[in-house]
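Read off the chains here:
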Amino acid sequence: MFNVNEYFDGTVKSLGFDNKAGKVTIGVMAKGEYEFGTSMVEHMTVTSGEMKVLIDGETEWKVYGEYETFRVEKDSSFKVILDDQTSYKCVYS
């Protein structure tokens, strides 16, 4: 079945499910700045829009556009800045 998640006073929402790929979430984020913590490795793919990302331990922000993926190690964090509403797919391992 699906899990419905909401964060940051409703400005980030996602649907979670499990399939052959493993644990997956599909979500949307409103324009703004966010910081997320991880408990598993995350492979985040931007599906619409653009994310400016700073991964824990890195010193430079990187921009990811549609269909680009970045990886975040487990037990770390990452920050994102969004200039517009953005959607994503996250696969956990």
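Quick summary incoming for the structure in this document. Computed from a prediction, not measured in an experiment: that's the story for all the values here.

Regarding the packing of aromatic side chains
Two measures describe an aromatic ring pair: the distance that separates the ring centres and the angle between the ring planes. The full count for this structure, using the stated rule, is 7 aromatic pairs. Here the aromatic rings of phenylalanine 8 and phenylalanine 36 are separated by 5.5 Å at their centres, their planes lie at 90°, and the arrangement is edge-to-face. On the criterion of sequence distance, the pair formed by phenylalanine 8 in the loop between strand S1 (3-7) and strand S2 (12-19) and phenylalanine 36 in strand S4 (residues 32-37) is long-range, its members being 28 residues apart. By relative accessible area, phenylalanine 36 is classed as buried at 16%. Looking at lysine 23, its charged tip hangs above the ring of tyrosine 92, at a distance of 5.0 Å from the centre.

A look at the pairing of S1
Regular strands place side chains that alternate from one sheet face to the opposite one. Two strands pair when backbone bridges link them, and S1 and S2 are joined in this way by 5 bridges, in the antiparallel orientation. Bridged to asparagine 5 within S2 is serine 14. The antiparallel pairing of S1 with S2 creates a hairpin that spans 4 residues between the two strands, and phenylalanine 8 there sits at a positive phi of about 50°.

Concerning the layout of surface pockets
The volume enclosed by the largest pocket comes to roughly 370 Å³. If you go around the largest pocket, you meet 23 residues; those closest to its centre are Tyr7, Lys23, Thr25, Glu42 and Tyr92. Of all the elements in the fold, those that place two or more residues in the lining of the largest pocket are S1, S2, strand S3 (22-29), S4, strand S5 (42-48) and strand S10 (86-92). The element contributing the most residues to the lining of the largest pocket is S2, with 5 residues. Of the residues contributing to the lining of the largest pocket, the split by class is 12 nonpolar, 8 polar and 3 charged.

Section: the sheet that holds strand S9 (residues 77-82)
Reading across the sheet, the 4 strands line up as S4-S9-S6-S7 and stay open at both edges, with antiparallel pairing between neighbours. Two strands in the sheet have a free side with no partner beyond their single neighbour: S4 and strand S7 (62-64). Ignoring strand direction, the axes of neighbouring strands in this sheet form an average angle of 30°. Direction of pairing for S4 relative to S9: antiparallel, over a ladder of 6 bridges. The residue of S9 that forms the bridge with phenylalanine 36 is phenylalanine 78.

What to know about the pairing of S5
Note: S5 against strand S8 (residues 69-72), 4 bridges, orientation antiparallel. Directly across from methionine 44, in S8, lies its bridge partner phenylalanine 70. Pairing of S5 with S10, which is carried by 6 bridges, proceeds in the antiparallel orientation. Bridging from a neighbouring strand, histidine 43 pairs with valine 91 of S10.

Reading the values: the criteria
- Residues numbered from 1 in each chain as written.
- Predicted model: local features only at pLDDT ≥ 70, side-chain atom pairs only at ≥ 80, totals over all residues.
- Heavy atoms only, no water.
- Phe/Tyr/Trp six-rings, centres within 6.5 Å; stacked < 30°, edge-to-face > 60°.
- Helix = DSSP H or I, 4+ residues; strand = E, 2+ residues; numbered from the N terminus.
- Buried < 20%, exposed > 50% of the residue type's maximum accessible area, 1.4 Å probe, protein only.
- Lys NZ or Arg CZ within 6 Å of the ring centre and 35° of its normal.
- Pairing = 2+ DSSP bridges.
- 1 Å grid on protein atoms, 1.4 Å probe; cavity = no way out; pocket = protein on both sides within 12 Å on 5 of 7 lines; lining within 4 Å.
- Points joined across faces, edges and corners; volume = space filled by probe spheres on them.
- Nonpolar A, V, L, I, M, F, W, Y, C, P; charged D, E, K, R; others polar.
- Axes fitted to C-alpha atoms, helices over the stretch in contact; angles between N-to-C directions.

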